[in-house]
Amino acid sequence: MDKINLWQQTLEELRLIVSKPIFQTLLSQVELISLEKNIATIACPNPYIQSLVESRYYSLIKNTLDQKTKGGNSLVFVVNPGLVKKSNKKDERNGPLFNWKEGGSLGQNNSLNPKYVFSTFVVGNSNNFAHAAAQAIVQKPGVAYNPFFLWGGVGIGKTHLIQAIGHAILGKYPELKIFYCPSETFTNELVQSLQKKTISAFKKKFRELDVLLIDDIQFIAGKEYSQEEFFHTFNTLYLAGKQVVLTSDRRPEEIPQIEERLISRFMGGLTVDIQPPDFEMRVAILKAKCQEKNQELDEQALTFLAKTVSSNTRELEGVLSQILTQASIINEKPDLEFIKKFFGVKSKTQSKKASAKKIIFMVVKHFKIKTADLLGVSRRREYVLPRQVAMYLLREEGEPLVKIGEVLGGRDHTTIIHGVRKITHKFTSDSNLRHEIMLIKQSLYE
Ligand code: ADP
Ligand code: MG
């Protein structure tokens, strides 16, 4: 079988396995360019797609290819920017995905924050897929991915990105009618229009848009009339080929008290998540924010800060602001020394370390199990998860592995490493668990 045929067959099979958006955005964009001595070289159009395909679909592609070639292949992914898939003529997304003029005009009544544009959005491992998809939408609103559903925890850039889409579309297509609002605004305006008997104006306003950007759609949960109205708005826009972008703090199917028919609409396009920034990204974000503020932090100070504040971008930005303000008030240089002092002072006055006892107590309370079961040996799921969460939290508080093993009923440190890893991994992929852990963390310092 020749290379082209082999790849076509492999793709056909992959198409059946993965979701349509994944296939279109990722797998159909890459191409087998050589297969020699069981080394398959696969070309990707850009580094984003390369890293995503490699990290998420390596084994899937390998297994499919191995079946076809009846052998074990190793895959090598390379970036080949000239790659334009011939088999993808219908795909409208080719073209300069990554450069356009960012818009200056804000349109009427849009309440877009001028800070939230693409040029100030730092791209890294945790958000590159979302960023690439957002840019594809700007190129062809209503065509590439509709709806675009963006989800992730607090403070990680959902609002920034959805507004960046708004700015950029306005810049590129000033004639389009774009509206951005949090979902509460949608609800409030609906209620007002009912009171004032202006419901038809309300309907008209939303249904005649070219681009509707709704932030934090999860707040529509439990509001039946809003859901009903939103459903019809959505359908009207969708059928007319208008772009809808939604953000949420969790996946569509995890939003409680929301109608099935809405969930299935939300999932009908592309669903992408943003994860909390990793260390390298946190450094990059700090650098960008310093630049915005015309301030400078040396490498050591940046590294320390990025290591110390690891939760989300909003918090990172907040802490940086506080540090810069304090430093300028007392006219000191915000160097490593200063930043250490900043955290030192804070930790004395505010967050003193949570004790192991308290962590165990809060975990047990949160999961509604008995302490004896948490510390015991049962492998039942309802105990294993809380146990691993306790390991994770104790580790986050800086407890040594051996001590964690001791306080959790005399466990081996390798068990602790395993548990901490497991939760660390789930923390980024499982938004429910992340939420639960955040709740427990909050309770530790109350
Ligand atoms: P969310 O809506 O997910 O809760 P926001 O979009 O409000 O988070 O982001 C919180 C803050 O962090 C904002 O000030 C935003 O500009 C900043 N931020 C988030 N992600 C990034 C990023 N990738 N690059 C630059 N700033 C970011
Ligand atoms: Mg937000």
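Note that the coordinates shown come from a computational prediction; the quantities given were computed from them, not determined experimentally.

Enquirer: Please provide a residue-by-residue account of helix α3 (residues 47-69), values included.
Expert: The periodicity of an α-helix, 3.6 residues per turn, causes residues three or four places apart in sequence to face the same way. If you check α3, its first and last C-alpha atoms are just 27 Å apart, much less than what 23 residues at 1.5 Å a residue would give, namely 33 Å. The largest bend in α3 comes to about 75°, at Tyr-57. When α3 is considered as a whole, its buried residues turn out to be Ile-49, Gln-50, Leu-52, Val-53, Tyr-57, Ile-61, Thr-64, Leu-65 and Asp-66. If you follow the buried residues of α3, they end up packed against α1 (3-17), α2 (20-25), β2 (39-44), β3 (74-79) and α4 (128-139). The positive-phi residue at the C-terminal boundary of α3 is Lys-70, with phi of around 50°.

Enquirer: Summarise the site of ligand 1; cite the residues concerned and give the values.
Expert: Surrounding ligand 1, one finds 17 residues, the nearest of these being Val-122, Gly-155, Thr-159, His-160 and Glu-317. One of the side-chain N or O atoms of Thr-159 is found 2.8 Å from an oxygen atom in ligand 1. Taking Lys-289, its side chain carries an N or O atom lying 2.9 Å from a nitrogen atom of ligand 1. When isolated, ligand 1 has an accessible area of 550 Å², and the protein chains bury 95% of it. Counting residues per element, the ones that place at least two in the shell around ligand 1 are α5 (158-172) and α12 (313-329). The residue makeup of the shell around ligand 1, split by class, is five nonpolar, eight polar and four charged.

Enquirer: For the domain arrangement of the chain, give the residues involved together with the corresponding values.
Expert: Assigned domains of the chain: these are domain 1 (3-83), domain 2 (118-273), domain 3 (279-342) and domain 4 (356-444). Distance from the C-alpha centre of domain 2 to the C-alpha centre of domain 4: 36 Å. Taken together, the contact between domain 2 and domain 4 spans seven residues of the former and four residues of the latter. Together, Trp-151, Arg-250 and Glu-254 form the three largest contributors to the area buried by domain 2 at its contact with domain 4, with a combined 59%.

Enquirer: Help me get a handle on the side chain of Gln-50, residues and values and all.
Expert: As for its placement among the helices and strands, Gln-50 is situated in helix α3. In this structure the side chain of Gln-50 is engaged in a polar contact, spanning 2.9 Å, whose partner is the backbone oxygen of Phe-77. Residues contacting Gln-50, with those up to four places away along its chain left out, are Cys-44, Phe-77, Val-78 and Val-79.

Enquirer: Can you break down the packing of aromatic side chains residue by residue, with the values?
Expert: The description of an aromatic ring pair uses the distance of the two centres, along with the angle that the planes make with each other. Counted according to the given criterion, the structure contains ten aromatic pairs. Here Phe-179 and Phe-206 contribute two aromatic rings whose centre-to-centre distance is 5.4 Å and whose plane-to-plane angle is 85°, an arrangement assigned as edge-to-face. Of this pair, Phe-179 sits in strand β5 (residues 178-182) while Phe-206 sits in helix α7 (residues 199-207), and the two are 27 residues apart along the sequence. The class for Phe-206 is buried, based on a relative accessible area of 0%. Aromatic side chains Phe-230 and Phe-266 sit 6.2 Å apart centroid to centroid with 65° between the ring planes, which places their arrangement in the edge-to-face category. Linking Phe-230 in helix α8 (residues 224-239) with Phe-266 in helix α9 (residues 260-266), this pair joins segments that are 36 residues apart in sequence. For Phe-266, a relative accessible area of 0% gives the class buried. The ring of Phe-231 has Arg-261 lying over it, and the distance from NZ or CZ to the ring centre is 3.9 Å.

Enquirer: Which residues make up the nonpolar core, and what values go with them?
Expert: Among the nonpolar cores identified, the biggest contains 52 residues, and Leu-26, Leu-27, Ile-61, Phe-148 and Ile-165 are the most heavily contacted of them. Here this core spans two domains, and each of domain 1 (3-83) and domain 2 (118-273) adds at least three residues to it. With sequence-adjacent residues up to four places away left out, Ile-165 is seen in contact with Phe-118, Ala-134, Ile-137, Val-138, Phe-148, Leu-213 and Val-245. Among the nonpolar cores identified, the runner-up in size contains 28 residues, and Val-364, Val-420, Ile-437 and Ile-440 belong to it.

Enquirer: Describe the packing of α7 against α8, and please don't skip the residues or the numbers.
Expert: In contact at an axis separation of 9 Å, α7 and α8 are set at 45° when each is read in the N-to-C sense. It follows from the interaxial angle that α7 and α8 lie oblique. The crossing of α7 and α8 is right-handed. Side by side, α7 and α8 meet where Ile-199, Phe-202, Lys-203, Phe-206 and Arg-207 of the first sit next to Tyr-225, Glu-229, His-232, Thr-233, Thr-236 and Leu-237 of the second. For the contact of α7 with α8, a count of residues per class yields five nonpolar, three polar and three charged.

Enquirer: Describe α12, and please don't skip the residues or the numbers.
Expert: In this model α12 runs 24 Å from its N-terminal to its C-terminal C-alpha over 17 residues, within 8% of the 24 Å that 1.5 Å per residue would give. Along α12, the positions that sit buried rather than exposed are Thr-313, Leu-316, Val-319, Leu-320, Ile-323, Leu-324 and Ala-327. Considered in projection along α12, the buried side chains sweep an arc of 130° and stay on one side of the axis. Away from its buried face, by an angle of more than 90 degrees, α12 presents the exposed residues Arg-314 and Ile-329. Residue Asn-312 occupies the N-cap position of α12, its side-chain oxygen lying 2.9 Å from the main-chain nitrogen of Arg-314. Positioned one or two residues after α12, Asn-331 has a phi angle of 60°, which is positive.

Enquirer: I'd love a proper account of the sheet that holds strand β1 (residues 31-36), names of residues and values included.
Expert: Strand pairs in the sheet, formed through backbone hydrogen bonds, run parallel or antiparallel to each other. An order of β1-β2-β3 is seen for the three strands of this open sheet, with the pairing classed as mixed. With one partner strand each, in any of the chains shown, β1 and β3 form the two edges of the open sheet. Across the sheet, the mean angle separating the axes of adjacent strands is 25° when strand polarity is ignored. Pairing of β1 with β2 involves five bridges; the strand directions are antiparallel. If you follow Glu-36 over to β2, its bridge partner there is Ile-39. In the packing of α3 onto the sheet, contacts are made with β1, β2 and β3, and the angle to β3 comes to roughly 145°.

Rules of the game
Residues numbered from 1 in each chain as written. Chains lettered and ligands numbered in written order. Predicted model: local features only at pLDDT ≥ 70, side-chain atom pairs only at ≥ 80, totals over all residues. Heavy atoms only, no water. Helix = DSSP H or I, 4+ residues; strand = E, 2+ residues; numbered from the N terminus. Expected span 1.5 Å × (residues − 1). Bend = angle between axes of the 7 residues up to and from the residue. Buried < 20%, exposed > 50% of the residue type's maximum accessible area, 1.4 Å probe, protein only. Contact = heavy atoms within 4.5 Å. Near = heavy atom within 4 Å. Polar contact = N/O pair within 3.5 Å; in protein donor to acceptor, adjacent residues only side chain to side chain. Areas by Shrake-Rupley, 256 points an atom, 1.4 Å probe, with all protein chains shown as cover. Nonpolar A, V, L, I, M, F, W, Y, C, P; charged D, E, K, R; others polar. Domains from an automatic or database assignment. Buried area = accessible area lost by both parts, 1.4 Å probe. Phe/Tyr/Trp six-rings, centres within 6.5 Å; stacked < 30°, edge-to-face > 60°. Lys NZ or Arg CZ within 6 Å of the ring centre and 35° of its normal. Core = buried A, V, L, I, M, F, W, Y, C linked by side-chain atoms within 4.5 Å. Axes fitted to C-alpha atoms, helices over the stretch in contact; angles between N-to-C directions. Parallel < 35°, antiparallel > 145°, perpendicular 65-115°, else oblique. Left-handed = near helix turned anticlockwise from the far one by under 90°. Arc of directions from axis to C-beta. Pairing = 2+ DSSP bridges.

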